Amino acid sequence: MRCRAFAGDVLPTLVTEGAQVDAVEFQNGVSLNLKLTNCDSAGTSRSFSFKFRPDPILKLRRMGSVMTRFVAALAISLSLAAPCIAADTLADALRIIQGKELVDLTHTFSPTTPVWGGFGQATMSAACDPKTHQPYTIEHDGFRTTFYSMVGQYGTHVDPPAHFRSDGMTMDEIPLKQMILPLVVFDMTPMLPKDPNHALTIDDIKAWEKEHGTIPAGAFAALRTDMSKEWTANPEHFKRSPFPAWSLAAIKFLFEERKVTAIGHESLDTDTTETMDSETWILHQNHYQIEAMTNLDKVPPAGAVIVVTWPKVDHGVGFPARAFAILP
Ligand SMILES: [Zn+2]
């Protein structure tokens, strides 16, 4: 039986148009193993496994092997015509991601970059041999390395719940699955000329949803203010307070009603107020946040994916993070 439906769409590199179905096997009533021969010049024989809902296939299976082969081919045709089962393999996901544009959401940091006044600037120096106190050099030792001295909350950084809550999750405990999430971006820049310290409201979020759809559960919600452009251009103004930020009501709405997993923003803090109500609430709920993000103006309001990583410090309560977006 020839499978015309394979024609170059879903499995272009694996199955060519007119592939021959050589054998059909059922496994556990839920998957089909198909032996296929490609009609390409190599004529390679390959096995594929497809998962179907068992009932209709098994019912027809009893009608005989000829019918089974027909149903199997038909089922494949239908499956491949619709959004496809085979498309959820990891190899397909990687191929899709590699074809997408990536945007770095992380500032480069140095001893001179903005930091909260209570922490002070980082220092970085060539690491020394503790016995000789001489710095390692490529010329002398074949390698070099740097000794860093800085607060964890430096540059673009993660605030894990344990930053504010003594029994909260530490950096090493945040599940890996919380480090790759759908990304939604609220662009507050049109509101700032009139209200430079605007705090995002529930109404702002609902207006966003009218245009872009309901925020997906498990999302990472980011706040765009374009403050990040001052990171190097005007670091003193970047550190101002107050600054555009979230309202506590909006934060509660996002986590309680929309079930977001984490938030991020361009400023060094979460709140427009001195009392840190929103930051305290988020971290006490055992959610993490990313601060001092950048390039949110290069990411669409919806449809991107964020990947956030940080070093696995034992019981870590904050550290520079690396975040990037995969654009749709
Ligand atoms: Zn922070």
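This report concerns the structure included in the present document.

The rules behind the values
- Residues numbered from 1 in each chain as written.
- Predicted model: local features only at pLDDT ≥ 70, side-chain atom pairs only at ≥ 80, totals over all residues.
- Buried ≥ 20, exposed ≤ 12 C-beta atoms within 10 Å, placed from the backbone.
- Helix = DSSP H or I, 4+ residues; strand = E, 2+ residues; numbered from the N terminus.
- Arc of directions from axis to C-beta.
- Contact = placed C-beta atoms within 7 Å.
- Axes fitted to C-alpha atoms, helices over the stretch in contact; angles between N-to-C directions.
- Parallel < 35°, antiparallel > 145°, perpendicular 65-115°, else oblique.
- Left-handed = near helix turned anticlockwise from the far one by under 90°.
- Nonpolar A, V, L, I, M, F, W, Y, C, P; charged D, E, K, R; others polar.
- Pairing = 2+ DSSP bridges.

### Quick word on helix α8 (residues 248–257)
Here is step 1 of the chain: Buried within α8 are the following residues: Ala250, Ile251 and Leu254. Buried residues along α8 cover an arc of 100° about the axis, so they all sit on one side. Exposed residues lying more than 90 degrees from the buried face of α8 are Glu256 and Glu257.
Here is step 2 of the chain: Residues of α8 that are buried sit in contact with β10 (199–200), α5 (202–212), β11 (220–224), β12 (245–246), β13 (262–265) and α9 (277–284).
Here is step 3 of the chain: In the segment just after α8, Lys259 is the residue with positive phi, at about 55°.

### Overview of the packing of α8 against α9
Here is step 1 of the chain: Orientation of α8 relative to α9, taken along the N-to-C sense of each, is 20°, at an axis distance of 9 Å. Here α8 is positioned roughly parallel relative to α9, judged by the angle of their axes. For the pair α8 and α9, the crossing hand works out as right-handed. Touching Leu248, Ile251 and Lys252 of α8 are Asp277, Ser278, Trp281 and Ile282, all from α9.
Here is step 2 of the chain: Here the residues of the contact of α8 with α9 are counted per class, giving four nonpolar, one polar and two charged.

### Focus on the pairing of strand β9 (residues 180–187)
Here is step 1 of the chain: Of the pairings in the sheet, the one linking β9 to strand β15 (residues 304–309) comprises four bridges and is antiparallel in character. Paired with Leu183 across the two strands is Ala304, which belongs to β15.
Here is step 2 of the chain: Pairing geometry for β9 and β11, over five bridges, is parallel. Paired with Val184 across the two strands is Ala221, which belongs to β11.

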